[in-house]
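Here are the chains, one letter per residue:
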Amino acid sequence: MGEIFYLEAGEENAGERIDAFLASKLHDVTRSWLQKLIEAGNVSVEGREKLAKNYKLRAGDRLTVELPEPETLDVLPENIPLDIVYEDEYLLVVNKPSGMVVHPAVGNHTGTLVNAVMFHCGDQLSSINGVVRPGIVHRIDKDTSGLLVIAKTDAAHRGLAEQFAVHSIKRAYRAVVYNNIKEDDGRVDAPIGRNPKDRLKMAVVSADKGRRAVTNYHVIERSGKFTYVECRLETGRTHQIRVHMAYIGHPLLGDQVYGPAKVPFSGLQGQTLHAGVLGIIHPSTGEYMEFHAPLPEYFEKLLRKLEQD
């Protein structure tokens, strides 16, 4: 048996299906895979293992989730369309849609960006991260859209990884957050690590428990109860923007992990976060290159609605 997680349903989860609850807590796995775990008895509530996948939670329910040992993944190329922003013999820059996982994981073997890139590039991908993550230098969350750079050669991978390590890569994101940010510009310099109360989440923690994380933000437009912002990363920690903005009282709209469970708008695809700008030094030519990706349609519709309201 692999990892074991202990979860507790809160008042806000009363009446929620157990598979939906687990999908909101266990990231980068599919709901169908979780349903199979429930049916196999890997999920128990107060010691009861025979649960239906549509079991409705009660406030205070204590869940034990036993994940199976990681299996060896046979990652296969898949003919999935890619929005290619730039490509040469060393690297590939793509605009990832919201809802697409970057690389395969247990319970989520297909339909990922890696499957698509393997089909497009064949064997012309960096091997540094192994068969599961070929060419992957960095990642963005499943429900975050936007720019990713992929290395085709090991030398390009090492060059890009070094830039990420010293935080010289330019990364700017667009987001809609809850509440009115009064100042036009701000900076969050707070370490991020695993949430001690919920190991499935990240959180701002003490310096000895996490790694330094710095996010700069700029207000683009205020819309009553929401603010449209640009966030620029100085570091690249897991869920950094989502954690930092929630920490200062402005969680991302649509982020049910770090923000309100109930989302006030329909049609959102997870957190409203888009990686719109990526600036790198080309690992072969030494030239600075900057790429831009337009906001996805659902994001544009949301902004128009906020303007009208």
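Residues numbered from 1 in each chain as written. Predicted model: local features only at pLDDT ≥ 70, side-chain atom pairs only at ≥ 80, totals over all residues. Heavy atoms only, no water.

Turning our eyes to something else, we now look at unusual backbone geometry. Backbone geometry places His-167, a non-glycine residue, at a positive phi of 60°. Relative to the helices and strands, His-167 resides in the loop between helix H4 (154-165) and strand E7 (170-178). Although it is not a glycine, Asn-179 sits at a positive phi angle of roughly 75°. Counting through the fold element by element, Asn-179 comes out in the loop between E7 and strand E8 (185-189). (Helix = DSSP H or I, 4+ residues; strand = E, 2+ residues; numbered from the N terminus.)

Attention now goes to helix H5 (residues 240-247). Counting buried positions over the eight residues of H5 gives six, a clear majority of the element. Residues Gln-240, Ile-241, Arg-242, Val-243, His-244 and Met-245 constitute the buried set of H5. Once H5 finishes, Gly-249 follows within two positions and takes phi at roughly 90°, a positive value. (Buried < 20%, exposed > 50% of the residue type's maximum accessible area, 1.4 Å probe, protein only.)

The next point concerns the sheet that holds strand E3 (residues 62-66). Pairing within the open sheet is antiparallel, and its three strands lie in the order E1-E3-E2. In the strand order of this sheet, the two ends are held by strand E1 (4-8) and strand E2 (43-45), each with one partner. Between one strand and the next, the sheet's axes are offset by a mean angle of 20°, whatever the strand orientation. Pairing of E2 with E3 involves three bridges; the strand directions are antiparallel. In the sheet register, Ser-44 faces E3, and the bridge partner there is Thr-64. (Pairing = 2+ DSSP bridges. Axes fitted to C-alpha atoms, helices over the stretch in contact; angles between N-to-C directions.)

At a minimum axis separation of 9 Å, helix H1 (residues 18-25) and helix H2 (residues 31-39) run at an interaxial angle of 120°. As judged from the angle between their axes, H1 and H2 are oblique. Crossing hand, H1 versus H2: right-handed. Contacts between H1 and H2 involve Ile-18, Asp-19, Ala-20, Leu-22 and Ala-23 from the former and Arg-31, Leu-34, Gln-35 and Ile-38 from the latter. The residue inventory of the contact of H1 with H2, partitioned by class, reads six nonpolar, one polar and two charged. (Parallel < 35°, antiparallel > 145°, perpendicular 65-115°, else oblique. Left-handed = near helix turned anticlockwise from the far one by under 90°. Contact = heavy atoms within 4.5 Å. Nonpolar A, V, L, I, M, F, W, Y, C, P; charged D, E, K, R; others polar.)

With that settled, the discussion passes to the packing of aromatic side chains. To describe a pair of aromatic rings, one takes the distance between the centres and the angle between the planes. The final tally for this structure, using the stated rule, is five aromatic pairs. Summarising the aromatic geometry, the rings of Tyr-298 and Phe-299 are spaced 6.0 Å apart at their centres and angled 45° between planes, so their arrangement reads as tilted. Like Phe-299, Tyr-298 is buried. These aromatic residues form a ring-pair network of at least three members: Tyr-178, Phe-226 and Phe-265. (Phe/Tyr/Trp six-rings, centres within 6.5 Å; stacked < 30°, edge-to-face > 60°.)

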